[in-house]
Each structure stands twice: as structure tokens, then as C-alpha cells.
Amino acid sequence: MSPPAGESPHWPAVGRTPRFRSPLLHAGIILGLIVIHFILPEYHNGNLARIMVLAVYAMGYNILFGYTGLLSLGHALFFAAGMYGLGLPMHLLGATPAPAFLGGLATALVVSAVIGFLALRTSGVAFMIVTLMFAQAGFLTVLLFGEYTRGDEGFVIQQAARQVAGIDLTDPSNRYFAALTLFGVCLLLIAWLVQTPFGRCLVAIRENEERARLLGYDVLAHKLGAVIISGTMSGAAGAAYALLFGYAGATFASVQYSILPLLWVLLGGAGTTIGPFIGTVFMFYLIDLASGVTSAYMLIAGLALVLLTIFAPQGLAGELRRRLMSWLP
Amino acid sequence: MLDNRSRTGHLPGTMTRRRAIGTLAAVGSLPLAARFAQAQSSEPIRIGFQVHRTGIGAAYGRWYDRTTEAAARRINDAGGINGRPVEIIAEDDGTDPKRGAEVVEKFATQHNCDIAFGTLFSHVVIGSAPRAGELKIPYFVVSEGHHVASGILNRYTLQPGITDVKSQVEAMGPYVAENLGKKVTMIFPDFAFGHDHRDYFSASIERQGGTVVEKIAIPPTETAFTKYFPRIPQDTEVVYHVMVGPAVLTFVKELGEFFGPSSPEIFGFIDSLEAVDITSPGLEFLEGSYFWEGYPRYAQADQTEYDKAYRAAVGVDDNGAALSDSKDVSTYAHMFGCWETLNIVKAGMEASGYAGPDDRAALIEAVEAMTDLPHSLDHPQGAKVFNGRTHQVFGHQYISRVNEGRLDVVHTTSIEDTLYEDETDYTAQAF
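Conventions used here
Residues numbered from 1 in each chain as written. Chains lettered and ligands numbered in written order. Predicted model: local features only at pLDDT ≥ 70, side-chain atom pairs only at ≥ 80, totals over all residues. Heavy atoms only, no water. Axes fitted to C-alpha atoms, helices over the stretch in contact; angles between N-to-C directions. Helix = DSSP H or I, 4+ residues; strand = E, 2+ residues; numbered from the N terminus. Parallel < 35°, antiparallel > 145°, perpendicular 65-115°, else oblique. Left-handed = near helix turned anticlockwise from the far one by under 90°. Contact = heavy atoms within 4.5 Å. Nonpolar A, V, L, I, M, F, W, Y, C, P; charged D, E, K, R; others polar. pLDDT = per-residue confidence, 0-100. Domains from an automatic or database assignment. Buried area = accessible area lost by both parts, 1.4 Å probe. Salt bridge = Lys/Arg side-chain N within 4 Å of Asp/Glu carboxyl O. Polar contact = N/O pair within 3.5 Å; in protein donor to acceptor, adjacent residues only side chain to side chain.

Quick notes on the packing of helix 12 (residues 275–290) of chain A against helix 13 (residues 297–311) of chain A
Residue and element names in this part refer to chain A.
(1) Moving on: In contact at an axis separation of 8 Å, helix 12 and helix 13 are set at 140° when each is read in the N-to-C sense. The angle between the axes of helix 12 and helix 13 places the two elements in the oblique class. For the element pair helix 12 and helix 13, the recorded crossing hand is right-handed. Residues Phe282, Met283, Leu286, Ile287 and Ala290 of helix 12 form the contact with helix 13, whose participating residues are Tyr297, Met298, Ile300, Ala301, Ala304 and Leu308.
(2) Moving on: Its residues assigned to classes, the contact of helix 12 with helix 13 shows eleven nonpolar, no polar and no charged.

In C-alpha cells form, the structure reads like this:
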């Protein structure tokens, strides 16, 4: 293919070829989030820090649901694994945040590997039910060990303990940039991952699992890899939430928190890198604004979901990709 | 320079050009400054009300809402706080700790509230309190959880309007052991609230020479309870129950069906029946059973003028139901905490000369300095003692017996019965 008139044949038009558009988009989002921090009022800065952490959870979910086509109803288990993997060592043993965060990641990794190994023996509706049941078992386990976890009440991670290398994570700016760092790393990781042969194989499995198997791909190994990456990223979000907002509780292991990332991803656009973030922002502000108008705000959220499902079945980013940005990863 | 200045100062009628401009500028700006001062002084005191309008706490939230509005109306009718009206800014927290923390942030950074107030469910308090501490906004909770006094929260979180579960439960042991029996089977929800009951009551009854012969924990997701009741030992003298949530009515009905006409003494926390009419079909077996009440739901024979006025203000009849709908039963044992807390806030703001967010620390110090809170219309539930070190209030507890379909008070504890050793000292924390 010859380059467009007026462009060097040796240098691709930066920003106009898929190879460069994707990095530009993701770098632009991260840069935009840096800039917006200095513009937004305090309230929205706080919201955005929380949204970025939750968007990491949604991005983790999206790897399994959006790219691999596996609908899990038990991701709260992975979020909670990260949350308690960080929270309990800090709360009970006085661990410092850095090793505790690694503990959260390791816990989520192990839990997702075990759950993946067991749940992937099923598929379709059975996979949904099995993941739901495992998550419910996890929720009840948190309650069962209430002596340590304080069950439904949960526990506080004290302000004084939330310092990393002299940086106070309870300071609004530090919290924002800590959330942005995690969000940026995960966003770039996913943008890279979906372009790798592994990521493309996940999409192939989503589109036609039998064909992928016939082509010689180890479908089970790829699915297990997806569960582990998805679960660990969800766990990173759980650990970050506990660390940045100072609380861990059983509510985050409940079924409600398994449904939320599904909604965020559906709204934002499953199988797109930026969809989970868009969906999380949309849902957060929809509830925040609607709750100021009526106590039936979940009805409004439900209505929005129905309308989007009808008029934008691929979610907001999915529609963007369909109409304007076919290169959107 | 000094000489010149002194000289002009002593020469009335003479004025330098600079001084004239300065004076004109001052005069010109006076109306603006005056207007600003006026605006400051008449600007409402904004109280962020974190309310459970949806979720498991909705029944409580509805009545917390009504009580809060009534208390704010009374304060405003009496001239407000420091001459400023009180404005209640309510936000639903969905009885969810994540949303609760978001709501506290919204109060502090968007609504510019002076304080946050009102939370009941413990997990919402514990999830929200860290943000209140970081945002340095006083957070007055009406939760009855032991979380405040246990020391796990922070200096910005206080519970001056309602007693905590530890003091309530521990005060029950002597009466139960002396009047109902010493072999107790406990039935409680298998989460932190239930575990608090299990642990504090077990210790209390053992101090009275009694024992808990069986502890039956009910999983929080349970909807059918009969299968648990065969675990009640035959030598049980007292069944102690406490349940919360939407399944409470089913629980109590199934308990009645299990025992039939002959049962051991039954002692429950009214939490099992808050917002539920005890004359509901299927609850007849409760006749003769006992309940802890934070505040007696039914107007008693010796009803005080304070209780009469409080009921009228919040719109509750003598049976504890809404004046407008006798089937709409209140959460009378808990909701008074909103009324009393707002009166504490008023007293604290007046004592500290509160003018705005810069005085938040002074407000907390003023509340910490409070001790005796006499029985009055500000505190219609009864006299109380506030412990500024633990940020927790202590007060009388009531034990009532179901008699012809209403609850009659048979015992009132002293405040001393409810006290326990301090577990923390928040005043040692910096603001």
C-alpha cells in the first residue's frame, strides 16, 4: 500500500494508522487524567480517584467477559481477595502497604488460579452459576471468620498506616495519582495484551471456541490465563480500594459487587480497552446525580441500561468503534 | 515619617491625598463588607444527613428522616443555631459502605456541609468514618454500634445521641438472670452485630452466675428458621433473640410456631421487631415475653411531658405508629438518637461559638467537654452521660413485657449499669 500523497513513505502518519492510534489514545487518556486533576473541583477529583480504582476492577472483568467471552458472576471474590489480602496483614499484623499490596495481588492470583481451574470445567450458564456460587462461598467465609475480618462491619485501615515511602496516601492529590498510576498501568497492560498473540487468541476463543481449538490453540490454558489475569487485576483494584479509602468489609464480597463490573462493562463497551472506564464514569455519575433527584435512582440506572442495550447494544465505546473509530482496540 | 504621621493624626480637618483615597475606599467597600458579614451570619448551618433510604436499612431510614426533619424544625422554630437556620441536606447511602463514603465526600466537598450526621448501620459508619477523618468533617453517627467507643475510628467521629450495643447488652444480664432464668440459649445473626450480642451478653450473664447453654448463629442470607430451633436445648430457661433485616417477621413467627403454647421465657431485642406491629397475626405467642427497648414504643402510664411533646413533633401516636397511618410502625427504640444528636450539635455549636468549617475542631472539643445531659425535651429518652474520651454516650435502658398486645416497661436500668471501662481516648489524637 502506498502512503497518501504528501506523506513520507518511510514514516507512518502518526495518529492515523492503527499502530499509532491505540498508544496515542491510551496515552492521551492518561495525560488527560493528569491535566484534569488540576482543573476539577475537589469533589470530582475525589470521585475520579475512586472511579479509576473501580475502572481497574471493570477492566479486569472485561478481560474475561469482553475479550474471552466468559461471563462470570463471581468477580467480587477476586476483588475481595485483593482487599483482604492487603487489609488483613495491615490490620492484624501491622504490615506496611507495599508488601501488603503484593500480598493482595498474590492472594487474588492464587484464588483466581484455583477458581479458574475448577470453574473452567464448565461453560456457558454453568460457568456463571459456578462462579456465583464460589463468590457466595467467599462472602460467607468472610463472615465465618468474623473474629478476624469483623464480618459485615469490616475494619478500618488507619490513616497513619497508609503511607508509602513517606507519601501519605490519604492526601487527596497523592490518592489521585496513586489511583491514576494503577489505572494507567492496567490500561496500558490491557492495550498491549489484546494486541499480543495471547490476546488475539482470547478473542478467537470468544468468537468461535471450536475453531480456535481446531486451529491448534490450547483453549483451556488460554482461558485459565484469562481468568488469572482478570482475577489478579480485579484483586489489584480491591487492594487499592482498601489502601486508598481505608476500609475493607464483606459488602465488597457480596453478589452486588459481582454484578457491578458487568454493568460497567456492558454500559461502556465490552471488548474495548476504554469501555470499562467510560462505563464506570457513566454509572457513577448517573447514580450520583439521580440520587439527588429521587430515591428510586436505581430505576433510572436500570432505564438507562435498558435504553443503552436497545440503542447501543455494544456499549458506548462499542458504538464509537462501530460508527467512528473502527481501529479502537 | 513618624513625625508626619503623628502630626496629621493630631490635626483634625487636615487630610492627605493618600488618606482621603483610603477613607473613600473604605467607605465605598463598607456596604459590600456589611452585606458579606450579613450573608455569613444568616447563611444556614448545613447538616449533611446520611440516610438509609434504600437497602436493608430503609425502614430505619424512613423514620430517621422524619425524626431529623422534626428536630431541625424545632431548632429553627427556636431561632436556629447561633442565629442561623439549620438546613438538612439528605443523601441516600443505599445502606452501603462504599456509597456511604462517597456521600460523606459529597457533604464535605460539594455541599459544603458543616457536619455529617445520621448513619445507623455499622458497616456504613465504619466505611465512611475514615473519609470523614481525612476530610476533617465532624461525623455524628446514630448507629448504636460499639465501633466508636472501641477506638477503631477517629477523633472526627462521635456518637453522642444513642447508646452503644455493648452497654445495652451488658446491662441486660442482671435482669435476665434474676427474673427470667440463668440458662440461656442465644439466637443471633451470624455477622458482627450478632457476634457483639453473643460476646457481650455471654460475659454479662456469666457475671451473674448464669450460662449460655447454646449459641445459634443464623446465616445472614437465611429466610427460613425452623430448622435451627431443634438445637435449643431442653433445659433452656430463656431464649435470647436478636435479628435484623427483612426476614425478622418470618423469624419471630416461626419461633412461635415451633414452641406453640409452652415455651421458655423469651427475651429479645426490639431490633427483631422494629417497624413491625407486635399485634400482627402470628405474633400472639409473644404475649408475656420480654424485650429490650432503647426507648419505649408505647406511651407509658407515667409518660413524661418530654415524651408527649417529642411524639407529637415526630408524628407518632401512643402506640408508636405514625399519626397519619396506624399501620406505619416507627423505629421508636432507635430514631430518638437523631433528635438527641441534633440537640447535642446545637449545644456544641453554641458553646464553641461555631461560625463555619474553621471551627470544626472547636465544635468537637465542645462536645467532648460535655458530661451530664439531663432528661429534657432535648433528651426525651432520658438523662445521659457523655464520655468525651470515647466519644460515646451512656444512658438508661428499658426492658418491656408484652401485655395485651402492647409493651409495658417493667424495668429501667441505671446509667451506672451500662458503663464499662474506656477502650480508647480520642482526645489524645491530633485534629
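Here the narrative resumes, following the displayed structure.
Comments concerning the confidence of the model for chain A
(1) Moving on: Per-chain confidence: chain A averages 91 in pLDDT, with 94% of residues scoring 70 or above.
(2) Moving on: The low-confidence segment residues 1–15 of chain A (pLDDT under 50) makes eleven contacts with residues lying over four places distant or belonging to another chain.

Things to note about the domain arrangement of chain B
All names here are of chain B.
(1) Moving on: When the domains of chain B are assigned, the result is domain 1 (19–163 + 332–393) and domain 2 (165–328).
(2) Moving on: Computed from C-alpha coordinates alone, the two centres of domain 1 and domain 2 are separated by 31 Å.
(3) Moving on: If you look at the interface, domain 1 gives 24 residues, while domain 2 gives 30 residues.
(4) Moving on: Of the roughly 2400 Å² buried between domain 1 and domain 2 on both sides combined, carbon and sulfur atoms contribute 61%.
(5) Moving on: The largest share of the area that domain 1 buries against domain 2 comes from Glu144, His146 and Tyr332, three residues that together contribute 31% of it.
(6) Moving on: The interface formed by domain 1 and domain 2 contains two salt bridges.
(7) Moving on: Connecting domain 1 to domain 2 are 14 residue pairs in polar contact (both at pLDDT 80 or more).

Considerations on the environment of Gly104(A)
(1) Moving on: Turning to its location among the elements, Gly104(A) is positioned in helix 4 (residues 97–119).
(2) Moving on: Residue contacts for Gly104(A): discarding those within four places in its chain leaves Ala81(A), Gly82(A), Gly85(A) and Leu86(A).

A few points about the interface of chain A and chain B
(1) Moving on: On the side of chain B, 34 residues touch chain A, which itself brings 33 residues to the contact.
(2) Moving on: Interface area lost by chain A to chain B is led by Tyr43(A), Arg50(A) and Glu153(A), which between them contribute 21%.
(3) Moving on: Scanning the region where chain A abuts chain B turns up seven salt bridges.
(4) Moving on: The partner of Asp196(B) in a salt bridge is Arg150(A), with the nearest N and O atoms 3.4 Å apart.
(5) Moving on: The interface formed by chain A and chain B contains 13 residue pairs in polar contact (both at pLDDT 80 or more).
(6) Moving on: Sorting the residues of the side of chain A that touches chain B by element identifies helix 2 (42–67), helix 5 (125–144), strand 1 (155–156), helix 10 (219–245), helix 11 (256–268) and helix 12 of chain A as the ones contributing at least two each.

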